[in-house]
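One-letter residues, chain by chain:
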Amino acid sequence: MKILVPLKRTADPDNANKIKIAPGGAKVVTDGLEPKPNPFDEYAVESALRLTENGTNPKARLAGDSVVVATFGAKEASQTLRQALAMGADSGLLFEASDENLDGDLVARALAKVVEREKPDLVVMGKQAVDGDSNQVGQILAERLGWPSATFAMSIELSQDKKSVIVGREVDGGVIKLKLALPAVITVDLRIVAPKSITNHVTPQTHNYQEGARYAPLPMIMAAKKKPLAEAPFASLGVEGVKTSYVKFEAPPARKAGIKVKDVPELVQRLRAEAKAL
Amino acid sequence: MDDLFNPTSEHRTLRQTIRSFAEKEIEPQAAEHDRLEKFNHALFRKVGELGILGLTVDPQYQGAGMDAAAVALAHEELSAVDPGFALAFLAHTLLFANNLSVNGSDAQKQRYLPDACTGARIGGMCMSEPGAGTDVLGLRTTAVRKGDRYVLNGAKMWITNGAVSDTELGDMFLVYARMEGAPRSKLSMFIVEKGFKGFSLGQKIKDKLGMRASTTAELVFEDCEVPVENLVGEEGDATVHMMRNLEIERLGLAAMSLGIARRCIEVMNRYATDRKSFGQPLRDFGQIQRHIAESYAEYMAGRTYTYWAASKLDLDKPGGRLDSDGVKLYCSTMAKNVADRAIQTLGGYGYVGEYRVERLWRDAKLLEIGGGTIEAHQKNMTRELARTEKLP
Ligand SMILES: Cc1cc2nc3c(=O)[nH]c(=O)nc-3n(C[C@H](O)[C@H](O)[C@H](O)COP(=O)(O)OP(=O)(O)OC[C@H]3O[C@@H](n4cnc5c(N)ncnc54)[C@H](O)[C@@H]3O)c2cc1C
């Protein structure tokens, strides 16, 4: 089975509070913030690796399985691909583009071209990038490919014959399970990296993964040097034209300071009189 | 894309991986292990899974075969979150594993290095003694050969990783001693394991000012029996081993200083924006500007010097003496001063634990003492420079 995982570099999400808006609201300024892989994309890589390995030997993909990572971005984004290769992915594709010239729709069209070339059985991707929070690429891609899709996956079970997956999606009050015939598109949520959220019928049932995306061990970092990483201009994909343009960026209003109440009666009184919550 | 601080893409990935591991796994436990003066053995084993405990060890013995720049960045990143833990890492990775990897025989490496690389066993190095530190050739631990063993007598002091808890010895050590009757300059080195007859924990040293997340111990050798195959090199060979290994040790300690300085600058830089006084952010005041700007310039000077020295340092050959002393001389005091300015910039908030700089300030002081005092560096460097007429 071949899995494609698209990746995006974003400005350090742990320091999102340091993002500034350019004068006039023309754009978001992320100067001085470290570029890091979008966390949901790291979870997608982790998911793809778990689907294609025996968890007791995470260094190797199962025979016949492979994971391809792809990104559209600046040349430096190859670093993000290298990191995924060091985690265990087999090959990387960088299509050089500048973020400003992309929107969700164009990214999805470009990914559809990558899918055409790479012919994966499954696309696993983050549910959204933490910079724009658009949450649309997976959906548009599935539509364009005419493939079934499941968004916000919290669990994935690959069938024994590798022809379908059962995807758990967390919803208010419970979990919905969808069965998708492959090929398909899955977008993943935070819980997909819980210790037992992925089943592939090879990793023993008793195996517990460490919570989160794995760290690349140093020997794998060295080995990743020899893995194929192809670079090509974005234009080589033969898609172009953004349909979304940004009108204006505004910072969210500063939060007002809270107040302290001295006892429960005062709390009740204020909730009633001021917050009108009771 | 690649630069002095990340000479190759592998270095950069390694830095990112260690940084993200450090932020997620090491940072949350740092304050507590400092307060409790406790080594986090479980965390140490977890670092083993990253494959960095045998950073410079030949892959043949399960090491990573990396260079001095990798040593620098690993220590820098670990120290930025937890210098105490980083010191335990250094004692294991450089003082034990690198030392044995460079100087040991194939059989010795087969026997000890795989466990060192995975973290199954923890190592350290015993040079200093209660009565001899800077004057290391004045050490008094002796060895005599008796049949198929060497018998060691003496005591070692200040040994990082000497204990893993209040009462339990560390696992394996490289011990410098002098063959009875040998001249002052002829030291010999032995591999001594926990469990060897006559080898015991004298005391775990308590109430350290800083580096409290690493253990420091006095170790005692009382007719300690060491099999002859545990002599590293030949009798009398080890003074060269020691000098050679001190170079990478000092580079590692300089890099730890950089981690401390970087963290302190980040903290004071942010605080100077957030904190207002007389209606203005602190960063608008000239005296605070001096703290921040000088710290940054000194940090970058030290960082550039350290990574330049790393690029010149060959782990298998001596010869980097002047600059390995130089980077540690400069960076240790720089880090202490930067931590001091960070506390000053934060005022009362800097003096307590919440902002980390108080701990980093205490940890930084050790770097002016361990691995050679700054006075020792001055002495060594001046001696080296006596042979130099023109500088490069
Ligand atoms: C936390 C910690 C961890 C350590 N870990 C290890 C370890 O793992 N293994 C190990 O072997 N050692 C270790 N050490 C020991 C360390 O290397 C020594 O403390 C250091 O070399 C200084 O030796 P000393 O303490 O005996 O001081 P001394 O040598 O007695 O020095 C006292 C003072 O006199 C000065 N001085 C001495 N001689 C001269 C001179 N000729 N000219 C000018 N000034 C001089 C010194 O610079 C210093 O200021 C550790 C120490 C500490 C505190």
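Just so you know, these numbers come straight off a predicted model, no measurement behind them.

Enquirer: I would appreciate a short explanation of the overall build of chain A in the present structure.
Expert: On a plain count of helices and strands, chain A comes out with 6 helices and 14 strands. Based on the C-alpha atoms only, the size of chain A along its principal axes is roughly 65 × 45 × 40 Å. Across the 278 residues in chain A, those meeting the buried criterion constitute 39%.

Enquirer: Sorry if this is basic, but what is going on with the overall build of chain B here?
Expert: Each helix and strand in chain B was counted, giving 11 helices and 10 strands. By the compact-globule yardstick of 21 Å for 392 residues, chain B fits well, its C-alpha radius of gyration being 21 Å. Within the span of chain B, comprising 392 residues, buried residues form 54% of the whole. Put simply, of all contacts in chain B between residues at least 6 apart along the chain, 74% involve residues at least 24 apart.

Enquirer: Can you help me understand unusual backbone geometry in this one?
Expert: The phi torsion of most residues other than glycine is negative, and most of the peptide bonds are trans. Leu182 of chain A connects to Pro183 of chain A through a cis peptide bond whose omega is 5°. Residue Phe152 of chain A is not a glycine yet carries a positive backbone phi of 55°. For Phe152 of chain A, a count of 21 C-beta atoms within 10 Å gives the class buried. A positive phi is found at Arg356 of chain B, a non-glycine position, where the angle reads about 75°. Its location among the elements puts Arg356 of chain B in the loop between α9 (348–351) and α10 (357–366).

Enquirer: Whenever I open this one, the site of the ligand confuses me. Can you help?
Expert: Residue and element names in this part refer to chain B. Among the 23 residues in the neighbourhood of the ligand, the closest are listed as Met127, Gly133, Thr134, Thr373 and Glu375. At the level of secondary structure, the elements contributing two or more residues to the shell around the ligand comprise α4 (83–103), β1 (123–126), β3 (149–160) and α11 (374–385). Among the residues forming the shell around the ligand, the class breakdown is 11 nonpolar, 10 polar and 2 charged. There are two domains that each give the shell around the ligand at least three residues, and those are domain 2 (124–232) and domain 3 (238–385).

Enquirer: Just checking my understanding: could you explain the nonpolar core for this structure?
Expert: Note on soluble globular proteins: their nonpolar side chains tend to be buried together. Core analysis: the largest hydrophobic core is formed by 187 residues, its most contacted members being Val5 of chain A together with Phe190, Leu251, Cys264 and Ala339 of chain B. Ignoring anything within four residues of it in the chain, the contact list for Val5 of chain A reads Ala44, Val45, Ala48, Val67, Val69, Val124 and Met125 of chain A.

Enquirer: How do you make sense of the confidence of the model for chain B when you look at a structure like this?
Expert: Detailed reading of the predicted coordinates is not advisable wherever pLDDT is low. With 100% of its residues at a pLDDT of at least 70, chain B reaches an overall mean of 96. Scored by ipTM, the complex comes to 0.84, with pTM at 0.91.

Enquirer: Help me understand the domain arrangement of chain B, please; the structure alone is not making it clear to me.
Expert: Put simply, an interface is often sized by how much accessible area is lost when its parts join up. Residues and elements named next belong to chain B. Structurally, chain B comprises domain 1 (9–121), domain 2 (124–232) and domain 3 (238–385). Domain 2 and domain 3 are separated by 30 Å when their C-alpha centres are compared. The partner domain 3 presents 10 residues to the 12 residues of domain 2 that form the contact. Across the side of domain 2 that touches domain 3, the residue classes break down as 7 nonpolar, 4 polar and 1 charged.

Enquirer: Teacher, can you tell me more about the environment of Asp325 of chain B here?
Expert: Residues and elements named next belong to chain B. Residue placement: Asp325 occurs in helix α8 (residues 321–346). For Asp325 and Thr215, which are 110 residues apart along the polypeptide, the C-alpha to C-alpha distance reads 25 Å. When sequence neighbours within four positions are dropped, the list of residues in contact with Asp325 reads Arg250, His377, Asn380 and Met381.

Enquirer: Even after reading the chapter, I still don't get the interface of chain B and chain A, so can you show me in this structure?
Expert: Contact with chain B, which involves 14 residues of that partner, is made by 14 residues of chain A. Considering every element that reaches the side of chain B that touches chain A, the biggest residue donor is helix α1 (residues 9–36) of chain B, with 8 residues. Tallied by class, residues from the side of chain B that touches chain A come to 6 nonpolar, 5 polar and 3 charged.

Enquirer: Please clarify how α10 of chain B should be interpreted in this entry.
Expert: Since one α-helical turn is 3.6 residues long, residues separated by three or four positions face the same way. All names here are of chain B. Burial of α10 is extensive: 8 of the 10 residues sit out of reach of the surface. Of the positions making up α10, those classed as buried are Val357, Glu358, Arg359, Leu360, Trp361, Asp363, Ala364 and Leu366. The secondary structure elements touched by the buried residues of α10 are α1, α4, α6 (238–274), α8 and α9.

Enquirer: Honestly, the environment of Leu258 of chain B in this entry has me stumped. Any pointers?
Expert: Residue and element names in this part refer to chain B. Mapping Leu258 onto the fold places it in helix α6. Note on Leu258: 29 C-beta atoms within 10 Å, which makes it buried. Remark: the alpha-carbon pair of Leu258 and Glu76, spanning 182 residues in sequence, is separated by 5.9 Å. Apart from residues no more than four positions distant in its own chain, Leu258 is found in contact with Glu76, Tyr299, Gly302, Arg303, Thr306 and Cys331.

Enquirer: What is the right way to look at the pairing of strand β4 (residues 172–179) of chain B in this model?
Expert: For a regular strand, side chains alternate in direction, first toward one face of the sheet and then toward the other. All names here are of chain B. Within β4, 7 of the 8 residues are buried, which leaves the element mostly enclosed by the surrounding structure. Pairing of β1 with β4 involves 4 bridges; the strand directions are parallel. Its bridge partner being in β4, Gly123 is matched across the sheet by Met172. Of the pairings in the sheet, the one linking strand β2 (residues 142–146) to β4 comprises 2 bridges and is parallel in character. Residue pairing across strands places Thr142 opposite Arg178, the latter belonging to β4. Across 6 bridges, β4 lies against strand β5 (residues 188–193) in antiparallel orientation. Residue Val175 lies in a different strand from β5, and its bridge partner there is Phe190.

Enquirer: Would you take a moment to explain helix α1 (residues 39–51) of chain A for this structure?
Expert: Residues and elements named next belong to chain A. The terminal C-alpha atoms of α1, which comprises 13 residues, lie 18 Å apart, in line with the 18 Å expected from a rise of 1.5 Å per residue. When you tally the buried positions in α1, you get 12 out of 13 residues, the bulk of the element. Burial in α1 covers these residues: Phe40, Asp41, Glu42, Tyr43, Ala44, Val45, Glu46, Ser47, Ala48, Leu49, Arg50 and Leu51.

Calculation rules
- Residues numbered from 1 in each chain as written.
- Chains lettered and ligands numbered in written order.
- Predicted model: local features only at pLDDT ≥ 70, side-chain atom pairs only at ≥ 80, totals over all residues.
- Helix = DSSP H or I, 4+ residues; strand = E, 2+ residues; numbered from the N terminus.
- Buried ≥ 20, exposed ≤ 12 C-beta atoms within 10 Å, placed from the backbone.
- Rg over C-alpha atoms; globule rule 2.2 N^0.38 Å.
- Contact = placed C-beta atoms within 7 Å.
- Near = placed C-beta within 6 Å.
- Nonpolar A, V, L, I, M, F, W, Y, C, P; charged D, E, K, R; others polar.
- Domains from an automatic or database assignment.
- Core = buried A, V, L, I, M, F, W, Y, C linked by C-beta atoms within 7 Å.
- pLDDT = per-residue confidence, 0-100.
- Pairing = 2+ DSSP bridges.
- Expected span 1.5 Å × (residues − 1).

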